[in-house]
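Residue-level structural notes
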Amino acid sequence: AKLTELAERIRPFVADTDAYMMQAVREGKKILLEGQLGTLRDPDHGIYPMVTSSSPLAGYGPVGAGVPVWSIKEVIAVTKAYSSCVGAGPFTTELFGDEAEELRKRGGDRGEYGATTGRPRRCGWQDIPVLRESARLNGLTDVALTKLDVLSGFDTIQICVAYEYKGKRMDYPPQEQGALDLVNPVYESMPGWKEDITACKTWDELPEAARAYVQRLEQLSGVPVSMVSVGPDRNQTIFR
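Here, residues in each chain are numbered from 1, in the same order as that chain's written sequence. The predicted nature of this model means local features are confined to residues of pLDDT at least 70 and side-chain atom pairs, given and counted, to a pLDDT of 80 or more, with totals for whole chains, interfaces and linings taken over all residues. Note that the side-chain values use all heavy atoms of the structure and ignore hydrogens as well as water.

1. Remarks on the packing of aromatic side chains
Only Phe, Tyr and Trp rings are paired, with Trp represented by its six-membered ring, and only when their centres lie within 6.5 Å; those with planes under 30 degrees apart are stacked, over 60 edge-to-face, the remainder tilted. Counted by the stated rule, this structure contains two aromatic pairs. Seen from their ring centres, Trp125 and Phe154 are 5.7 Å apart, and the 75 degrees between their planes marks the pair as edge-to-face. Of this pair, Trp125 sits in the loop between β3 (122-124) and β4 (126-127) while Phe154 sits in the loop between β5 (142-146) and β6 (156-165); the two residues are 29 residues apart in sequence, bridging distant segments of the chain. Taken individually, Trp125 and Phe154 each receive the classification buried, so the pair is uniform in this respect. Helix and strand definitions here come from DSSP, where helices need a minimum of 4 consecutive H or I residues and strands a minimum of 2 consecutive E residues; each element is numbered from the N-terminal end. Buried residues are those whose accessible area, probed at 1.4 Å on protein chains only, stays under 20% of the maximum for their type, while exposed residues exceed 50% and partly exposed ones sit between those limits.

2. A few points about the pattern of salt bridges
Any carboxyl oxygen of Asp or Glu that lies within 4 Å of a side-chain nitrogen of Lys or Arg is treated as forming a salt bridge with it. Applying the stated criterion to the full structure yields 12 salt bridges. For Arg121, the salt bridge goes to Glu112, with nearest N and O atoms at 2.8 Å. Between Glu218 and Arg240 there is a salt bridge; the shortest N-O distance is 2.8 Å. Placement of the pair is Glu218 in helix α6 (residues 208-221) and Arg240 in the segment after β10 (237-239), with a sequence separation of 22 residues.

3. A word on the side chain of Asp142
Looking at the element boundaries, Asp142 is found in strand β5. Within the buried set, Asp142 has no salt-bridge partner at all; the shortest N-O distance to an opposite charge, 8.9 Å, is to Arg240. What makes two residues a contact is simply this: any of their non-hydrogen atoms within 4.5 Å. Not counting residues up to four positions away in its chain, the partners in contact with Asp142 are Glu74, Val75, Ile76, Ala77, Val223, Pro224 and Ser226. The charged-residue count follows a simple rule in which Lys and Arg add positive charge and Asp and Glu add negative charge, with His and chain termini not counted at all.

4. Some thoughts on the pairing of β5
Most of β5 sits inside the fold, with four of its five residues counted as buried. One requirement defines pairing of two strands: DSSP has to find at least two bridges between them. Where strand β1 (residues 76-80) lies against β5, five bridges are found, and the strand directions are parallel. Among the inter-strand pairings, Ala77 is bridged to a residue of β5, identified as Val143. As judged from the three bridges shared by β5 and strand β9 (residues 225-229), these two strands associate in the parallel manner. Note that in β9 the partner of Val143 across the bridge is Val225.

The following block contains the structure:
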């Protein structure tokens, strides 16, 4: 009886969503599809067996939404200015000890801890080979870089620009099973900045070192960074 009552409440919102979405496409309306988890959780291209049950890649967005593939015009990767991970699995740029804890405490508005469990997330430096892989598999047009403010205060910021695997330098993650457990990060150092950037509203207001860091990520990944967030609030996003 309770479910029947609830069903009547949602009845006005039930529709043939494929037809609804296709009509929106024909009318030229903007449609936003949001993926989940991330590229390396893809069951075909990810770090098996640490994957999910369905593909989080952009190419599967039209399948789930019921819109034609050709209707996708932009593919924006949302990635932090550093790396984080929940649960087990390979994490090439993972930090440990005081450095990791400092990054964890700074992360977001409540730190890098599970929203439900409170479990500490694993943290590390930005991983360019993974970002390149994401660009390759998703056809990225832009990057939305979040939590740039978390890096304020570090004297030096590291960027993993490549991997070393079996004596060879690799620009993309190796594909062999278990290979990511054996790679070593190749780091490039950049000067950090001390300023609090959470009140910055424009690109030019950011410290020179912060702008240089973002521009270096663009150069290394080959994808433009069109949005930068400097805090957890919606109005703390800088559009370039």
